[in-house]
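Below, each chain spelled out in residue letters.
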Amino acid sequence: MNKVILTPVTFLFIISLTQLYGQTSKITGTVLGADQKKLEGAVVSLLRSADSAVVKTALTETDGAFAFLGLKAGTFLVIVSHVSYQKYRSLPLILDDQQPSIDLLKISLVPADKKLAEIQVTGQKNFVEQRFDRMVVNPEALISNAGATMLDVLEKSPGIQIDANGAISLKGRAGVVVFVDDKPTYLSATDLTNYLRSLPSGSVETIEIMTNPPAKYDAAGSGGVINIRLKKTRTRGFNGGVNMSYGQGRYARSNNSLNLNYRINKLNFFSNASLNTNNSYQDLTISRRYFTPTGAYRSGFTQNSYIKRELNSASLKAGVDWYVSKKTTVGLVLNGFRNPSNSLVTNNAQVFDATNTVSSIVKASSPSEKVLKNGSVNLNYSYKIDSTGKELSANLDYITYRSDLNQSLTNMIFANTRAFLNQTVLVSSLPSTIDIRTAKVDYVHPLGNDSKFESGLKRSDISTENVADFWDVVNGERTPNYSFSNNFRYREAINAGYLNYSREGAKLSVQAGLRFENTAILGHQLGNKVVKDSSFTRTYNSLFPTFYLSYTLDSAGKHQLSFSYGRRINRPNYQDLNPFTYPLDRFTFYGGNPFLRPAFSDNLELSHTFDNVITTTLQYTHSRDVIYETVEQSSSTFYSRPGNLGRYMSYGASVNISHEITKWWTLQLYTELTYNKFTATLYNQTLNNEGTYWYFAPTNQFIINASWSAELSGLYQSTIHAGQFVTIPVGNVRVAAAKKLWKDKGTLKLSVTDLFYTNQPGGDIQSLANSSASWHSYLDSRVATVSLSYRFSKGKNLRLRQTGGSENEQKRVKN
């Protein structure tokens, strides 16, 4: 395949738009305790008023004084906390050319309520934090997340929906890309679901939800980006934490993780390990009815499938940062996991004739065994050019996946008298490999006046091979089935470059970026005795602009308006382009689609934030060629394959509230109302699927005393219209309690999810030729979990470095 080389282009005129150097400012003060005595050792935090992001922290000296020096112009908050006093929070402080310095003089702290003092000092994070270009979710803020999997945490996160098959959407939009530590996961929906089930919540630091990511992120993900950041301890010495849990629904599960950090001299070693087992089931009932072209009923069938899943997983991440000098840092990160899984699908189906009388019975069994393995290595380098903040960084990544899947499908057909008629047996072996290589260089250039210019280049090379060997088994003898067997090879190269300018002012903040991506692909299906050899190539170039604007409306900093725009792309999963077809059961086949086109979307958001408590957002999305699962009915058989839908439009409003109602009761509430419309022509059928859905998710956190806390939370999701599907409403109520142990170093938590067993999905399929279809599932969703965590830490905080240059590719693997 011919590789296209990207020529770097630098728009230097952007630098001339701002002054090279800006005036720095400072905030100072003195903290007083009881009897107006100067208080030593109080923790003073400086936060940006716009998004409450921490800028700096300090401890008061023996004379109670503190100082934040070298600040840029902007609006800030000062938070002061101490073990014996109530937390102090300043009004917004504006630093600009007219007021470069602020002296808060004497800050008198109020003695804390003894019952609440210990809780207040912990500085509990909000479950959701709204920032300039993203929403940040803190999993540990919810008690009910203890012992849960990453998939459970995502399902509770604002705006994220996960269907019964594991497909993730954000505010009703498909095409979401999931990253882990700024690296794409490169997995199909099924494998991504299993991976997220294998990732314990205790190993996760934060989740970043970005509907319009900045230009430095790859443009992939027409529905947005979800970035999961794993824990990395940042203190000197030997420190870390351990999390253990046991959960019981119908089946048992256990998620356990360990994170360690050791800093000695110029070396910082870190690691994260997990060992998990998750057993679950899905009780799925499908109903289909078939009609003549005139609309008369001619036949139908119902099928119940009981799917028992067993997933085990072990993962390890280890790395080292070498602080060569004050300017230079070199890092190495090794990562890998091994996820063996087993599933058994038992089907019982009844086929009906035109009089709705049972004409035949089909019993099927489909056991499968799969092992998914991953390994990756990242080399990273950063160099601080000077004291103004100029920085050059580079990342090299190699990532590999190996999957081995062995399964069989046995169908037994009976007459309506239950007399045995015949049997078919199909066995298969489906190994696959994926290799990804990426190289990335980024440059940051401060411009003064709290502004900066960023640019970068990236190259990605992906190669995959998927072998599917099928055999028919008759009387114990295997015969190759060439209709289903195939070997598909895929190559892809992406060259990218971006420019980004940002400026943060006292009232007005702006960020604008432009990303260019060149994509070249080659797909080749090797032929056999029945299927002809086929191949395809494709090359396309795209520009992706992004723009952010934030404006503080009042001098007190209580009202803030924000606007964002971004253009995104959703490329097909690698194996979705494979043209082969294979049976899921006797009545349903799955196939790829070599004619898939990338989907492009334009996303706009306008939001208002009041007092960092209430954020109201209006959003609009328009997509072309959106990629969705499509279903075709032909000769009483359903064919499921990915396809391009002509148009997708979505608009809606959301409200996010984080409010301390009393000292012991905090409410976190997210709700949204969104209208979705899908229009297309599919298999000669007109699709016009539209409707409005409502999502409501309150979380109540209660402080009982110094060591006990509790949580009552839940969600309700109304009917959703998506692609060809219309889902039924679902809900979930969760309760949890936590007890602090061992001088706050340990925590014991107990939680129960889906208390009333209402999170059971179902729905209908639209625009089917001469047929209708519906489904309903029962899941292992009511789970009681007990967890124990223990943390040990010693030393001074270190800066956390962001590493990894593969920011797009890992989501798109299809095994």
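Refer to the preceding data block for the structure.
Conventions used here
- Residues numbered from 1 in each chain as written.
- Predicted model: local features only at pLDDT ≥ 70, side-chain atom pairs only at ≥ 80, totals over all residues.
- Heavy atoms only, no water.
- Helix = DSSP H or I, 4+ residues; strand = E, 2+ residues; numbered from the N terminus.
- Buried < 20%, exposed > 50% of the residue type's maximum accessible area, 1.4 Å probe, protein only.
- Contact = heavy atoms within 4.5 Å.
- Areas by Shrake-Rupley, 256 points an atom, 1.4 Å probe, with all protein chains shown as cover.
- Phe/Tyr/Trp six-rings, centres within 6.5 Å; stacked < 30°, edge-to-face > 60°.
- Core = buried A, V, L, I, M, F, W, Y, C linked by side-chain atoms within 4.5 Å.

(A) Region of interest: the overall build of the chain. Helix and strand counts for the chain come out as three helices and 46 strands. Counting the 815 residues in the chain, one finds 53% classified as buried. Within the chain, contacts between residues separated by at least 24 positions form 68% of all contacts whose residues are at least 6 apart in sequence. Summing over all exposed atoms, the chain offers an accessible surface of approximately 34900 Å²; the carbon and sulfur share of this is 57%.

(B) Inspection of unusual backbone geometry at higher detail. For N265, which is not glycine, the phi dihedral falls at a positive 55°. Relative to the helices and strands, N265 is located in the loop between β18 (252-264) and β19 (267-291). Taking relative accessible area as the criterion, N265 reaches 63% and is therefore assigned exposed. Notably, W742 is not glycine yet its phi reads approximately 50°, a positive angle. Locating W742 in the fold gives a position in the loop between β42 (730-741) and β43 (746-753).

(C) Main features of the side chain of S393. Among the secondary structure elements, S393 is positioned in strand β23 (residues 391-415). Judged by its relative accessible area of 19%, S393 is buried. Residue contacts for S393: discarding those within four places in its chain leaves Y381, S382, K440, V441 and D442.

(D) Quick peek at the packing of aromatic side chains. Inspection of the entire model under this criterion finds 29 aromatic pairs. On the numbers, 5.4 Å between centres and 15° between planes, the contact of F580 with Y582 is stacked. Given a relative accessible area of 16%, F580 falls into the buried group. Ring geometry for Y628 against F678: centres 5.3 Å apart, planes inclined by 85°, an arrangement best described as edge-to-face.

(E) Just the nonpolar core, in detail. Counting residues in each nonpolar core, the largest one holds 43 residues, and the members touching the most others are M150, L154, I168, L196, I207 and I228. When residues of this core are assigned to their parent elements, the largest contribution, four residues, is made by helix α2 (residues 150-156). Judged by nonpolar contacts, the second largest core, of 19 residues, contains L39, F66, L71 and V80.

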